[in-house]
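An overview of the molecular structure
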Amino acid sequence: MNKIFLIDDDEDDQLFFKDALELINPLLQCDTAGNGKIALEKLKNNDSLPDLIFLDLNMPVMNGFEFLTEIKNKNHFNKIPIGIFTTSNIIDDIERTKNLGAKFFFTKPSDFKVLCIKLRNLLKEDFTNEDFISIK
Amino acid sequence: MDSAKQEKYKQEIADLKIRLEEAEQLIDAIKAGEVDAFAVNNDNKSEIFTLQSGDYAYRVLVENFSEGAINITDDGLIVYSNKYFHELLRSPYENTVGNSIYHFIHPNSINSFTALLTKALEGKSKGEINLKAGQKSIPVYVSLTSLYPNLPTIGIIVTDLSEKKNNEKILAAKNLELENINRELASFSYVASHDLKEPLRKIQAFSKRILDVEKFSAKTEDYFQRIISAAERMQNLIESLLQFSKANTTELTFEAYDLNKIVEEAKSYLHENIIETQAIIETEHLPVINVVPIQFTQFITNLLDNSMKYSRPQVQPHIKISSKLIDGKKIDHSLADKQKKYHQINISDNGIGFEKQYANKIFELFQRLHGMNEYSGTGIGLAICKKIASNHNGFIIAEGTLGKGSTFSIFIPHE
């Protein structure tokens, strides 16, 4: 795991996430985008693809659901494992994203220490199998 | 007296006898009720007199009341119409009596009226039809009665439904408006609560992060903890308000649901609290009843949460859930319908209880019996329970003994 891509419109959550990654593994690169549309642009323009994508659901212009639908058709990118990183814990959202191809559903914790522990465990996962991971 | 004069007087007497006979016949006929009007010839004038009798009251009634009254033949010929009827149809008297009733019936009601008329020939019939006045359609309720054998006609009383129909339209429009407002309110509440919670989450997250990263004096740490607690209280308040709004605006879809399942769901929501307080929750076998599952689960969750929160210090919370069927007559509550049976579901605990005088107050919005420092709480939970009970066409009663425990009972009508 070298590069992580976080797609989230919330700057505070971006900061928290980056800080947590820094503690877990300072060598990990982290790129960010504020919504699905900007994310697709960045993916196209970048030479190296990320190894894992964390995707928020509620974003302007192109939200998480729309991004998942869009990226299915992009053969160059649709092999990258994508998981949801959101404030929501609604069962409908979990089901819907699972059906759209998400590999995990991670509900944002408000405690930094909890975020570190859960994120560290998540990064150890192998996303090549069919399992769906739900983290509350 | 000469013979000419005698003849004259004889003739006069004969005339008078005839007139007297006629007068007596007339009086007999009047007595027998065979006539109610007669003409008297005075000189060259003819005067008509109608009799005022007990029938007078009926005449005045029919001519003046605010309903249409007509008499028609089997074929629909109008032989009598009161003032209200021809005025309702904006048709002068001369145009109405002698005309066919079908002239005044709206094309869309001709078949219905004919059916009513056919039925009335055997006795009576009632129904709603539309009359017409020019281009205008007038909705009316008609009551037809065959007047045979007294009169060879069908009597019809006509009630104008225009105002009622108009009111129904207004009511439907207001209902639609209300539904729209409710929907707007529900989505507003959802968005508002979501957007209000986000800054609170950040306040908590970053405050906690500051405490992780830096070492502060005990006083400063205490200040940060207060910031974190305040943010948490506000989050709970927003969450509770959202629930309260949902209890008021959600569409109520009832289904037969196993209450045991509902208790299990409530317990899973409160999983952490149950472990933290070491609460024991015992459930008797509960029935399947018609409820709005999401709301009823909220109801049970709120009560179980309260029981665990308001437990006695150093005493393990012990909560019992039971149910029974009870007669409305036996329930001491103004909303209890004596004609109905109710499902009574009780949630009893061994917590701090409350004084009897507050049994109603605790269900009021934002009413609490304790300070923020003694026990957490928004003062909304029980108001939500009361609203949910009402949504289920039932009601809730609280009983408590200070220092011993409380029992909350919901009564839902048994269908």
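Data block above holds the structure.
The notes below deal with the structure included here. Small disclaimer: the values here were computed from a predicted structure and weren't measured. (Residues numbered from 1 in each chain as written. Chains lettered and ligands numbered in written order. Predicted model: local features only at pLDDT ≥ 70, side-chain atom pairs only at ≥ 80, totals over all residues. Heavy atoms only, no water.)

This part covers the pattern of salt bridges. Once their charged atoms are close, side chains differing in charge can pair, the charge on each being opposite to the other. A full pass over the atoms with the stated rule returns 17 salt bridges over all chains. As a salt-bridge pair, D10 of chain A and K202 of chain B come within 2.6 Å of each other at their nearest N and O atoms. With one member in each of two chains, D10 of chain A in the loop between strand 1 (3-7) and helix 1 (11-24) and K202 of chain B in helix 6 (residues 162-213) form a pair that bridges those chains. Each member of the pair D10 of chain A and K202 of chain B is classed as buried. Close ionic contact of K42 of chain A with D31 of chain A constitutes a salt bridge, the shortest N to O distance being 3.7 Å. On the criterion of sequence distance, the pair formed by K42 of chain A in helix 2 (residues 36-45) and D31 of chain A in strand 2 (residues 29-33) is long-range, its members being 11 residues apart. (Salt bridge = Lys/Arg side-chain N within 4 Å of Asp/Glu carboxyl O. Helix = DSSP H or I, 4+ residues; strand = E, 2+ residues; numbered from the N terminus. Buried < 20%, exposed > 50% of the residue type's maximum accessible area, 1.4 Å probe, protein only.)

Let us now look at the packing of helix 6 of chain B against helix 7 (residues 218-249) of chain B. All names here are of chain B. Relative to each other, helix 6 and helix 7 sit at 165°, their axes nearing to 9 Å. Considering the angle they form, helix 6 stands roughly antiparallel to helix 7. Pair helix 6 / helix 7 crosses with left-handed handedness. (Axes fitted to C-alpha atoms, helices over the stretch in contact; angles between N-to-C directions. Parallel < 35°, antiparallel > 145°, perpendicular 65-115°, else oblique. Left-handed = near helix turned anticlockwise from the far one by under 90°.)

Let's shift gears to the nonpolar core. Across soluble globular proteins, you tend to see nonpolar side chains buried next to one another. Residues and elements named next belong to chain B. Judged by nonpolar contacts, the single largest core of 38 residues is most densely connected at F296, F299, I300, L304, I347 and F408. When contributions to this core are tallied by element, the ones reaching two or more residues are helix 8 (259-269), strand 10 (288-291), helix 10 (293-309), strand 11 (318-327), strand 12 (341-349), helix 11 (381-391), strand 13 (395-401) and strand 14 (405-413). Those residues within four positions of F296 in sequence are excluded, and the remaining contacts are L259, I262, V291, I345, I388, H392, I410 and I412. (Core = buried A, V, L, I, M, F, W, Y, C linked by side-chain atoms within 4.5 Å. Contact = heavy atoms within 4.5 Å.)

Looking now at empty space enclosed by the protein. Counted by the stated rule, this structure contains three cavities of 30 Å³ or more. A volume near 80 Å³ is recorded for the largest cavity. Forming the walls of the largest cavity are D12, D13, F16, F17, F85, K108, P109 and L115 of chain A together with R201, K202, A205 and F206 of chain B. Looking at side-chain class alone, the lining of the largest cavity contains seven nonpolar, no polar and five charged residues. Roughly 60 Å³ of volume is contained in the second largest cavity. Looking at the second largest cavity, the residues that line it are K3, F5, D31, K42, L43, N46, S48, L49 and P50 of chain A. Breaking the lining of the second largest cavity down by element, the ones donating at least two residues are strand 1 and helix 2 of chain A. Tallied by class, the residues present in the lining of the second largest cavity amount to four nonpolar, two polar and three charged. (1 Å grid on protein atoms, 1.4 Å probe; cavity = no way out; pocket = protein on both sides within 12 Å on 5 of 7 lines; lining within 4 Å. Points joined across faces, edges and corners; volume = space filled by probe spheres on them. Nonpolar A, V, L, I, M, F, W, Y, C, P; charged D, E, K, R; others polar.)

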